[in-house]
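Reading the structure
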Amino acid sequence: MAKMFEAEAHLEYKSPDLLDFDPSNPRFAGLMDSRTQDEIQKALLGEPYYASSLVDSLLENGFIDYEPLVVKQCGTRYTVVEGNRRLAAIREIRANPERYKGRKSDLGSIPLLVFPKKPDKQRQNEMRVYLGVRHLLGFREWPSFSKAQFLENESRAAGGLEKVLKEIRMTRDKAKRFLVPYRLLSQAGVKLPQGEDFWMLGEALQRTGIKNYLQLQVDPKTLEIRGYDKKHFGLLLDDLYGRKKTGGERDPATRLVVDTRDLSRLAKVLSAEKATVALRAGKPLEEAEIYVDTREESVMRLSRMTKQIGVLLKKLRLGSKDAEALRLVQAYKELDSAVRVFTSKVS
């Protein structure tokens, strides 16, 4: 499908001076809507877009013709639909010729894939499909939040979600992984700080224990949020991203989930009332898990923790002949022996 739309568009070579950034590009997730072209240029060169990282490659290899910028014509100028980071890098080089040495001769005229002039609604529809196919289905990568925003915006247009999914050939289950967390955040009026891992929330909502904890209800057809527990959702965000500090920003040092591997552990804890109470009382995730361990898991945990105590004592003692250290070592040996006897009986 992507090739079909590329065929309808045509290739032209134009000066970068005729190009404008697109403030509403889904990659920007709404952060550029009120910025000037110069402000967007500056923002793109830094975090989290790092267009400056493309400079060396452009100087060494020049502009690769088979990766044209995708644009739409607006009068005598062109708005970049895809390739804003590359345009920022090109502008940086051209604005500072004395600073950058390398291959710059082909940056004065670069290839553009120009969508044909058609009625606005028709062109907008074709570009929507083109972007959806390339970015949501993996031809080129967008951040997860940008994918979610794209799906949300397009599902509000005529034809709704059904039309979007049909056009870009995306399954409802895959769309759900983007839309549900996005719509939850929107309904709750929560905006995660820039740079936060939106996908962590999407992954969390795949766990049954977490969905049940939130009492999350989603319309299976429209993927609209029917209901959820607002208090529990706020606590979940604290678990994933850290508690809010006085200024409103989140403290990552207080989060309970470091990576996606911790999500199954969190879901397990939140599925049991006693474990959840312990967690909300300030107990660490590992301690709260004890309340939902099976007997076999508790036996394994006891053995593991006993071994860890032995390693710690060995490290801290370091050959010490101190009387207290010797008594502690002896107490550990007795504990270790008792644990071995106990676990052999119950295993």
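**With respect to the overall build of the protein chain**
- Each helix and strand counted, the protein chain has 16 helices and seven strands in total.
- Within the protein chain, the proportion of its 347 residues that are buried is 44%.
- For the protein chain, long-range pairs separated by at least 24 residues make up 61% of all intrachain contacts whose partners lie at least 6 apart in sequence.
- Counting every atom, the protein chain has about 19400 Å² of accessible surface; 52% of that belongs to carbon and sulfur.

**Observations concerning the packing of helix α15 (residues 295-317) against helix α16 (residues 323-346)**
- In the contact formed by α15 and α16, the axes pass within 10 Å of each other and the chain directions differ by 160 degrees. With respect to their mutual orientation, α15 and α16 come out roughly antiparallel. Both α15 and α16 take part in a crossing whose hand is left-handed. Contacts between α15 and α16 pair R295, V299, L302, S303, T306, K307, I309, G310, L313 and R317 from the former with A325, L326, L328, V329, Y332, D336, V339, F342, T343 and V346 from the latter.

**Examining the side chain of D293**
- Assignment of secondary structure puts D293 in the loop between α14 (285-289) and α15.
- Residue classification places D293 among the buried residues on the basis of a relative accessible area of 14%.
- In this view, D293 contacts K268, S298 and R301; residues no more than four positions away in its chain are not counted.

**Details of the nonpolar core**
- Grouped together as the largest cluster of nonpolar side chains are 46 residues, with contacts concentrated most on L201, L216, L240 and L266.
- In this structure, L201 is in contact with P181, L185, F233, L236, L237, L240 and Y241, ignoring residues within four places of it in sequence.
- Core analysis: the second largest hydrophobic core is formed by 28 residues, Y78, A88, Y100 and V114 among them.

**As for the pairing of strand β3 (residues 69-74)**
- Alignment of β3 against strand β5 (residues 110-115), held across four bridges, turns out to be parallel. Bridged to V71 within β5 is V114.
- Bridge count between β3 and strand β4 (residues 77-82): five bridges; the pairing is antiparallel. Considered in β4, the bridge of Q73 is made with Y78.
- Between β3 and β4, which follow one another and run antiparallel, lie two residues, and G75 among them has a positive phi close to 70 degrees.

**Let's talk about the packing of aromatic side chains**
- Taken as a whole and judged by the stated rule, the model has four aromatic pairs.
- Both rings, one in F145 and one in F198, keep their centres 5.3 Å apart while their planes meet at 90 degrees; by these two values the pair is edge-to-face. Taken together, the residues span a long stretch of sequence, with F145 in helix α6 (residues 144-155) and F198 in helix α9 (residues 198-204) at a distance of 53 residues.
- Between F178 and W199 the ring centres are 5.2 Å apart and the planes differ by 35 degrees, which places this aromatic pair in the tilted class. Here F178 is found in helix α8 (residues 172-188), whereas its partner W199 is found in helix α9, with 21 residues between them in sequence.
- According to the relative accessible area criterion, F178 is buried, its value standing at 5%.
- For W199, a relative accessible area of 24% gives the class partly exposed.
- Taken together, the ring pairs in this structure connect F145, Y182 and F198 into an aromatic cluster.
- The positively charged end of R91 is found above the aromatic ring belonging to F21, 4.6 Å away from the centroid.

**Section: the sheet that holds β3**
- The five strands are arranged β1-β5-β3-β4-β2 in an open sheet whose pairing can be described as mixed. Taken across any chain shown, the strands that pair with only one partner, and hence form the sheet edges, are β1 (10-14) and β2 (19-20).
- Helix α4 (residues 84-95) rests against β2, β3, β4 and β5 of the sheet, and its axis sits at about 125 degrees to β4.

Definitions and limits used
- Residues numbered from 1 in each chain as written.
- Predicted model: local features only at pLDDT ≥ 70, side-chain atom pairs only at ≥ 80, totals over all residues.
- Heavy atoms only, no water.
- Helix = DSSP H or I, 4+ residues; strand = E, 2+ residues; numbered from the N terminus.
- Buried < 20%, exposed > 50% of the residue type's maximum accessible area, 1.4 Å probe, protein only.
- Contact = heavy atoms within 4.5 Å.
- Areas by Shrake-Rupley, 256 points an atom, 1.4 Å probe, with all protein chains shown as cover.
- Axes fitted to C-alpha atoms, helices over the stretch in contact; angles between N-to-C directions.
- Parallel < 35°, antiparallel > 145°, perpendicular 65-115°, else oblique.
- Left-handed = near helix turned anticlockwise from the far one by under 90°.
- Core = buried A, V, L, I, M, F, W, Y, C linked by side-chain atoms within 4.5 Å.
- Pairing = 2+ DSSP bridges.
- Phe/Tyr/Trp six-rings, centres within 6.5 Å; stacked < 30°, edge-to-face > 60°.
- Lys NZ or Arg CZ within 6 Å of the ring centre and 35° of its normal.

On their own, these measurements won't tell you what the molecule is for.
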